[in-house]
Amino acid sequence: MRQPFHRELSNLIERGRDRQLRLAVTGLSQAGKTAFLTSLVNQLRHAGVEAQLDLLPAAREGRLLGAQRLNQPDLGVPRFPYDPGMAALRDTPPRWPEPTRGISELRLQLRYRPAHQGWLAPDIAHLTLDLFDYPGEWLLDLPLLQHDFYSWCQAQPLHSGDQRRAMFQEWLTEVETLDPAADADEAQLASLAEAYAQGLRRAKQAGFSNLQPGRFLLPGELDGAPVLQFFPLPKLNMPKEQLEALPPDSLYATLAARFRYYQQQVVRPFYRDHFRRFDRQIVLVDVLGALNAGPERFEDLSQALSQLMHSFDYGQRSLLTRLFAPKIDKLAIAATKADHVTPDQHRHVVQLLEALLAEPLKDLRFANIPVKALSLAAIRATEAREVVHNGQRSPALRGTTLEGEDVLVYPGDVPPRLPTHDFWQQQGFDFPSFRPMDTRSEALGHIRMDAAIDWLIGDKLT
């Protein structure tokens, strides 16, 4: 929805003064975007009171006065559900905020005292921070913009592993017998598309990440629409030129037309209206969850992230790019749920994350884009403890499982590099899912949220 002219003009002036920042909090499903955004708002709102933000100089020096929610810029988009999220965390027993099922936005105004007080410097300055949340499933669709239907079919990892193939076995048995040149049957297309969507849902439930199209997993208002009634053809035995010359009512041409429509009418507007407008970005990765799930899912996450990182527009900022063609000029990549392993393993978590994203990171550094890798827990769910066994002190975690059981565990060692075959054969890495910790303070407990905030916006609070 287009904003009123006066609001657009105000935003343009603020961006020209570099007093407005758009932050992309990006991550696949289950990476913890909603928890991160809830914690981010909470930490900034309590920065001058209770929040523990020692790694953020503006907060440590007492210059960050706090943050206030403002009316969001786009009146056609729901507001990010911060209050319901906090209510869930304060419940008895505490619950995690509900996962995102649609796009939402939030605008904050941060007030701070500049570090250097000159005769032209204001006593109090402000920074407008725009945030938005969206389903991680929809993010999976951005790499589709790099394909046509033929190349997308070729790229689908339907045969990449026994466990993944098992999720689609019944659908594969039927679809591999289809003749691309045959006339399209609408009822058959709808049935096969639903069977394919069921396979995607089973794969997601089993911990796989590289699942396209993402809207099949969370269709929203498109549920039942023909635009979601297509699927890849895993065995194309005809040259691309012959396939593209088939009649419009053929199976191949019908599926290709729906794929193009999905690209142009669903994926491209989502990318244009949101992802092309960001200045800074943090990519959240559930690397520990993938490690917990096993080798096939870990490799699947690696492939999904590698594709995804090529979908964003990185580059240096200038006055013109700030005003008319924003580019992401600073990036953080964060392994979430750091509190699911003991503190002695946090360094290995970061090293593993950097290994997982080695190729995209090389490209970003070559382009001179500042990038930082870190591990964090946006909302703490465990406490680090030590246990004594046979006279030896060992690290452990105390937490409460989702089922309400209090446990003391040592999840295992995190490899500092990409796991080898021997790692998967020998190691016993395993951790439960924990409830958020019950906290009596207004500010949520966290691990390294202050480091992430400093990297993403700290230079704007000087």
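If you're wondering where the values come from, they're calculated on a predicted model, not measured in any experiment.

Draft legend 1. Quick look at the overall build of the protein chain. Within the protein chain, the secondary structure is distributed over 18 helices and 10 strands. The globule rule puts the C-alpha radius of gyration for 462 residues at 23 Å, and the 24 Å found for the protein chain is close to it. Based on the C-alpha atoms only, the size of the protein chain along its principal axes is roughly 75 × 70 × 45 Å. Long-range pairs, those at least 24 residues apart, make up 77% of the contacts in the protein chain between residues at least 6 apart in sequence. Summed over its atoms, the accessible surface of the protein chain is roughly 21,400 Å², and 49% of this surface lies on carbon and sulfur atoms. One way to put it: in the protein chain the 52 positive side-chain charges average out to a point 7 Å from where the 57 negative ones average out.

Draft legend 2. Representation of empty space enclosed by the protein. Under the criterion given, the structure shown has 1 cavity of 30 Å³ or more. Here the lining of the largest cavity is built from residues that sort into 6 nonpolar, 3 polar and no charged.

Draft legend 3. Up close: the packing of aromatic side chains. By the definition in use, this model includes 19 aromatic pairs. Residues F132 and Y134 carry aromatic rings whose centres are separated by 5.3 Å and whose planes lie at 40° to one another, so their mutual orientation is tilted. Assigned by exposure class, F132 and Y134 land together as buried. Both rings, one in F230 and one in F259, keep their centres 6.0 Å apart while their planes meet at 85°; by these two values the pair is edge-to-face. Of this pair, F230 sits in the loop between α9 (186–205) and α10 (240–244) while F259 sits in helix α11 (residues 251–273); the two residues are 29 residues apart in sequence, bridging distant segments of the chain. The burial state of F230 is the same as that of F259; both residues are buried. Lying across the ring of W138, R215 places its NZ or CZ 3.5 Å from the centre.

Draft legend 4. Region of the structure containing α9. Along its 20 residues, α9 runs 29 Å from first to last C-alpha, staying within 8% of the 28 Å computed at 1.5 Å per residue. Buried within α9 are the following residues: L189, L192, A193, Y196, A197, G199, L200 and A203. The buried residues of α9 occupy an angular sector of 155° when the element is viewed end-on, so they sit on one face. Of the residues in α9, the exposed ones pointing more than 90 degrees away from the buried face are A187 and Q205. Summarising the contacts, the buried residues of α9 are in contact with α6 (149–155), α7 (162–167), α8 (169–175) and α11. For α9, the side-chain oxygen to backbone nitrogen distance between the N-cap and A187 is 3.0 Å, and the N-cap itself is D185.

Draft legend 5. Structural view of the pairing of strand β9 (residues 392–400). The sheet contact formed by strand β8 (residues 382–389) and β9 spans 8 bridges and is antiparallel. Paired with H389 across the strands is Q392, a residue of β9. Hairpin connection from β8 to β9: 2 residues lie between these consecutive antiparallel strands, with N390 at a positive phi of about 55°. Direction of pairing for β9 relative to strand β10 (residues 406–409): antiparallel, over a ladder of 4 bridges. Paired with R398 across the strands is L408, a residue of β10. As consecutive antiparallel partners, β9 and β10 are separated by 5 residues, and within that stretch G404 has a phi angle of approximately 95°, a positive value.

Draft legend 6. Structural context of the pairing of strand β3 (residues 104–112). The buried fraction of β3 amounts to 7 of the 9 residues, a majority that puts the element mostly inside the structure. Relative to β3, strand β2 (residues 64–70) is paired through 6 bridges, and the arrangement is antiparallel. Among the inter-strand pairings, R69 is bridged to a residue of β3, identified as L108. Where β3 meets strand β4 (residues 125–133), 9 bridges bridge the pair, whose relative direction is antiparallel. When the sheet's bridge partners are listed, L108 is paired in β4 with L129.

Draft legend 7. Examining the side chain of R280 more closely. With respect to the helices and strands, R280 occurs in strand β5 (residues 280–285). A polar contact is formed between the side chain of R280 and the side chain of D329, at a distance of 2.9 Å. A polar contact is formed between the side chain of R280 and the side chain of D459, at a distance of 3.0 Å. Other than its neighbours up to four places away in sequence, R280 contacts L21, R22, L23, A24, I328, D329, K330, W455, L456, I457, D459 and K460.

Draft legend 8. View of the sheet that holds β9. Spatially, 3 strands are ordered β8-β9-β10 in an open sheet, and the strand pairing comes out antiparallel. Each having just a single partner strand, β8 and β10 make up the two edges of the open sheet. Across this sheet, the average inter-strand angle for adjacent strands is 35°, counted without regard to direction.

Draft legend 9. View of the pattern of salt bridges. In this structure the tally under the stated criterion is 20 salt bridges. Close ionic contact of K240 with D148 constitutes a salt bridge, the shortest N to O distance being 2.6 Å. Separated by 92 residues along the polypeptide, K240 in helix α10 and D148 in the loop between α5 (136–139) and α6 bring together distant segments of the chain. Overall, K240 belongs to the partly exposed group, its relative accessible area being 27%. Exposure remark for D148: the relative accessible area of 28% places this residue in the partly exposed category. Residue D286 is joined to K337 by a salt bridge in which the shortest nitrogen-to-oxygen separation is 3.1 Å. Of the two residues, D286 is situated in the loop between β5 and α12 (287–293) and K337 in the loop between β6 (330–335) and α15 (346–356); the sequence distance between them amounts to 51 residues. Residue class for D286 comes out buried when judged on its relative accessible area of 17%.

Definitions and cut-offs
- Residues numbered from 1 in each chain as written.
- Predicted model: local features only at pLDDT ≥ 70, side-chain atom pairs only at ≥ 80, totals over all residues.
- Heavy atoms only, no water.
- Helix = DSSP H or I, 4+ residues; strand = E, 2+ residues; numbered from the N terminus.
- Rg over C-alpha atoms; globule rule 2.2 N^0.38 Å.
- Contact = heavy atoms within 4.5 Å.
- Areas by Shrake-Rupley, 256 points an atom, 1.4 Å probe, with all protein chains shown as cover.
- Lys, Arg positive; Asp, Glu negative; His and termini not counted.
- Charge placed at Lys NZ, Arg CZ, Asp CG, Glu CD.
- 1 Å grid on protein atoms, 1.4 Å probe; cavity = no way out; pocket = protein on both sides within 12 Å on 5 of 7 lines; lining within 4 Å.
- Points joined across faces, edges and corners; volume = space filled by probe spheres on them.
- Nonpolar A, V, L, I, M, F, W, Y, C, P; charged D, E, K, R; others polar.
- Phe/Tyr/Trp six-rings, centres within 6.5 Å; stacked < 30°, edge-to-face > 60°.
- Buried < 20%, exposed > 50% of the residue type's maximum accessible area, 1.4 Å probe, protein only.
- Lys NZ or Arg CZ within 6 Å of the ring centre and 35° of its normal.
- Expected span 1.5 Å × (residues − 1).
- Arc of directions from axis to C-beta.
- Polar contact = N/O pair within 3.5 Å; in protein donor to acceptor, adjacent residues only side chain to side chain.
- Pairing = 2+ DSSP bridges.
- Axes fitted to C-alpha atoms, helices over the stretch in contact; angles between N-to-C directions.
- Salt bridge = Lys/Arg side-chain N within 4 Å of Asp/Glu carboxyl O.

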